[in-house]
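If you want the building blocks of each chain, they are given just below.
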Amino acid sequence: MICQECGKRPATLHFTKIVNGDKNEFHICENCAREKGEMIPGTSNGFSIHNLLSGLLDFEPSSLSAAKSQAIRCESCGLTYSQFSKLGRFGCGSCYQSFSEKLDPLFKRVHGNIVHVGKVPKRSGGIIQCKREIDTLKKDMMTCIEQEEFEQAAKIRDQIREIEKTIAGM
């Protein structure tokens, strides 16, 4: 989407402003937002999604782990984790793998989990639903084993194997 003010740059800020019950939606670039004064109060240089992400990334609990973060570097583009935390964006697709040990705690902090648990499309989500069912059954099986209900655990094990065969056939 192009900026509604200048019509030149891509709109990076999308916000709704409600004044006296009148609702107005704006789609503008950062430069026009800065000129119009449409910035978040209390920020020195205005709003930037990159600043938001870098703020989330900057939560190193100790100087030792901060020094360790300096050493993590993407093999493909050479971006370091400290550069990533300042920029708020990756240099390439390989950065996800390179920084994976640091991203899991971040995702857990932001989203509450590191595994997607939202809705799954009915048409194309068959495998995902089967895997979720297997995970649930494995937990049930472990509970049965802890309670020494081995016959029930064996039945659950057989259910898991059947679902795994179904997945292999998909």
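The protein chain carries the name UVR domain-containing protein in an unreviewed UniProt entry, which gives Paenibacillus germinis as its organism.

Caption draft 1: Focus on the overall build of the protein chain. Each helix and strand counted, the protein chain has 8 helices and 2 strands in total. Beginning at the N terminus, the succession of helices and strands in the protein chain can be written as β-β-α-α-α-α-α-α-α-α. For the protein chain, restricting intrachain contacts to residue pairs at least 6 apart in sequence, the fraction spanning at least 24 positions comes to 32%. Here the protein chain displays about 12,400 Å² of accessible surface, and carbon together with sulfur accounts for 53% of that area.

Caption draft 2: Expanded view of the pairing of strand β2 (residues 22–28). Here strand β1 (residues 13–19) pairs with β2 via 7 bridges, running antiparallel. Within β2, the position partnered with His14 by the bridge is His27. Between β1 and β2, which pair antiparallel one after the other, the connecting turn spans 2 residues, and Asn20 there sits at a positive phi close to 50°.

Caption draft 3: Here's a closer look at the UniProt feature "domain: UVR" (unreviewed entry) in the protein chain. Cross-referencing UniProt, the feature "domain: UVR" (unreviewed entry) maps to residues 131–166 in the present numbering. Taken end to end, residues 131–166 is 92% helix and 0% strand, and its first and last C-alpha atoms sit 11 Å apart.

Caption draft 4: How the structure looks around the environment of Ser94. Structurally, the position occupied by Ser94 is in the loop between α4 (81–87) and α5 (95–98). It is 6.9 Å that separates the C-alpha atoms of Ser94 and Cys74, two residues lying 20 residues apart in sequence. Setting aside residues up to four positions removed in sequence, Ser94 forms contacts with Cys74 and Ser76.

Caption draft 5: Quick peek at a nonpolar patch on the surface. A contiguous nonpolar patch, built from Phe107, Ile114, Val115 and Val117 and spanning about 360 Å² of accessible area, is present on the exposed surface. Structurally, Val117 can be placed in the loop between α6 (100–111) and α7 (126–146). Owing to a relative accessible area of 59%, Val117 belongs among the exposed residues under this scheme.

Definitions and limits used
One numbering rule holds for all chains: residues counted from 1, following each sequence as written. A pLDDT threshold of at least 70 governs which residues receive local features in this predicted model, and a stricter bar of 80 or more applies before side-chain atom pairs are shown or counted, although totals over entire chains, interfaces and linings include all residues. Side-chain measures were taken over the full set of non-hydrogen atoms in the model, leaving aside hydrogen atoms and water. Helical segments are the DSSP runs of H or I of at least four residues, strand segments are the runs of E of at least two, and each set is numbered from the N terminus. Contacts are assigned to residue pairs with any non-hydrogen atoms lying within 4.5 Å of each other. Exposure was quantified through the Shrake-Rupley algorithm and a 1.4 Å probe, taking into account, for residues, occlusion by the shown protein chains and nothing else. At least two bridges found by DSSP between two strands are what make those strands a pair. UniProt positions are given in the numbering used here, feature names are shortened, and annotations may be inferred rather than shown by experiment. Surface patches are defined over residues having more than 30% relative accessible area and no salt bridge, joining like charges when they lie within 9 Å and nonpolar side chains (Val, Leu, Ile, Met, Phe, Trp, Tyr) when within 5 Å. What counts as a salt bridge is simple: a side-chain nitrogen of Lys or Arg found within 4 Å of a carboxyl oxygen of Asp or Glu. Any residue under 20% of the maximum accessible area for its type is buried, any over 50% is exposed, and the rest in between are partly exposed; the area is computed with a 1.4 Å probe on protein chains only.

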